[in-house]
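So you can see what is in the structure, the chains are spelled out below.
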Amino acid sequence: HVQLVESGGGLVQPGGSLRLSCAASGSIFSIYSMGWYRQAPGKQREFVADITTSGTTDYVDFVKGRFTISRDNAKNTVYLQMNSLGPEDTAVYSCNADLRKRRSGPRSSYWGQGTQVTVSS
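Summary of the structure given here. (Residues numbered from 1 in each chain as written. Predicted model: local features only at pLDDT ≥ 70, side-chain atom pairs only at ≥ 80, totals over all residues. Heavy atoms only, no water.)

Moving on, we get to the pairing of strand β5 (residues 46–51). Successive residues of a regular strand alternate their side chains across the two faces of the sheet. Judged from the five bridges that link them, strand β4 (residues 30–39) and β5 form a sheet pairing that is antiparallel. Following the sheet pairing, Tyr-37 is matched in β5 by Phe-47. The antiparallel pairing of β4 with β5 creates a hairpin that spans six residues between the two strands, and Gly-42 there sits at a positive phi of about 80°. Inspection of the sheet shows β5 paired to strand β6 (residues 57–59) by three bridges, in the antiparallel sense. Within the sheet, the bridge partner assigned to Ala-49 lies in β6 and is Tyr-59. Linking two consecutive strands that pair antiparallel, namely β5 and β6, is a turn of five residues; a positive phi of about 100° is found at Gly-55 within it. (Pairing = 2+ DSSP bridges. Helix = DSSP H or I, 4+ residues; strand = E, 2+ residues; numbered from the N terminus.)

With that out of the way, let us pick up the packing of aromatic side chains. Aromatic rings in a pair are described by how distant their centres are and how their planes are angled relative to each other. Counted according to the given criterion, the structure contains two aromatic pairs. Aromatic side chains Tyr-37 and Phe-47 sit 5.5 Å apart centroid to centroid with 75° between the ring planes, which places their arrangement in the edge-to-face category. Taken together, the residues span a long stretch of sequence, with Tyr-37 in strand β4 and Phe-47 in strand β5 at a distance of 10 residues. The class for Tyr-37 is partly exposed, based on a relative accessible area of 23%. Both rings, one in Tyr-37 and one in Trp-111, keep their centres 4.9 Å apart while their planes meet at 65°; by these two values the pair is edge-to-face. Of this pair, Tyr-37 sits in strand β4 while Trp-111 sits in strand β10 (residues 107–111), and the two are 74 residues apart along the sequence. A relative accessible area of 33% places Trp-111 in the partly exposed class. Across from the ring centre of Trp-111, 3.6 Å away, lies the NZ or CZ of Arg-45, which sits over that ring. In this structure, Arg-107 is placed above the aromatic ring of Tyr-32, and the distance from its NZ or CZ to the ring centre is 3.8 Å. (Phe/Tyr/Trp six-rings, centres within 6.5 Å; stacked < 30°, edge-to-face > 60°. Buried < 20%, exposed > 50% of the residue type's maximum accessible area, 1.4 Å probe, protein only. Lys NZ or Arg CZ within 6 Å of the ring centre and 35° of its normal.)

Here we take up the nonpolar core. Of all hydrophobic cores here, the largest spans 30 residues; its most connected members are Trp-36, Leu-80, Met-82 and Tyr-93. When contributions to this core are tallied by element, the ones reaching two or more residues are β1 (2–7), β3 (18–26), β4, β5, β7 (67–72), β8 (77–82), β9 (91–100) and β11 (115–119). The dominant element in this core, judged by the number of residues it contributes, is β9, at five residues. Excluding anything up to four places from it in sequence, Leu-80 contacts Leu-18, Arg-19, Leu-20, Trp-36, Val-48, Ala-49, Phe-67, Thr-68, Ile-69 and Tyr-93. (Core = buried A, V, L, I, M, F, W, Y, C linked by side-chain atoms within 4.5 Å. Contact = heavy atoms within 4.5 Å.)

Structural data, given as structure tokens:
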């Protein structure tokens, strides 16, 4: 059983910052990429950023320069530092992990439940 638990969401004023965390636990042999996605009301879920085990990162254009993804491999945890937040960043942010539960097992994608980020004055 694998669990991804996000934390750090909340209400923040425009221009403010938040730091999201996502910890993976359970039966995990190896985690490959970890990432963040978001879904705003009435919209489809969209990619935000991801990071490989070696630290290679990728960002969607609209967060470049504002958001920073990082991870602690020892803790199976990924972070998303979000700065200069605007109302358009309001969404449920979910983390994703591409992992293998056993050495000989398949790679599978797992999702957290999501954490709400609301940017409003």
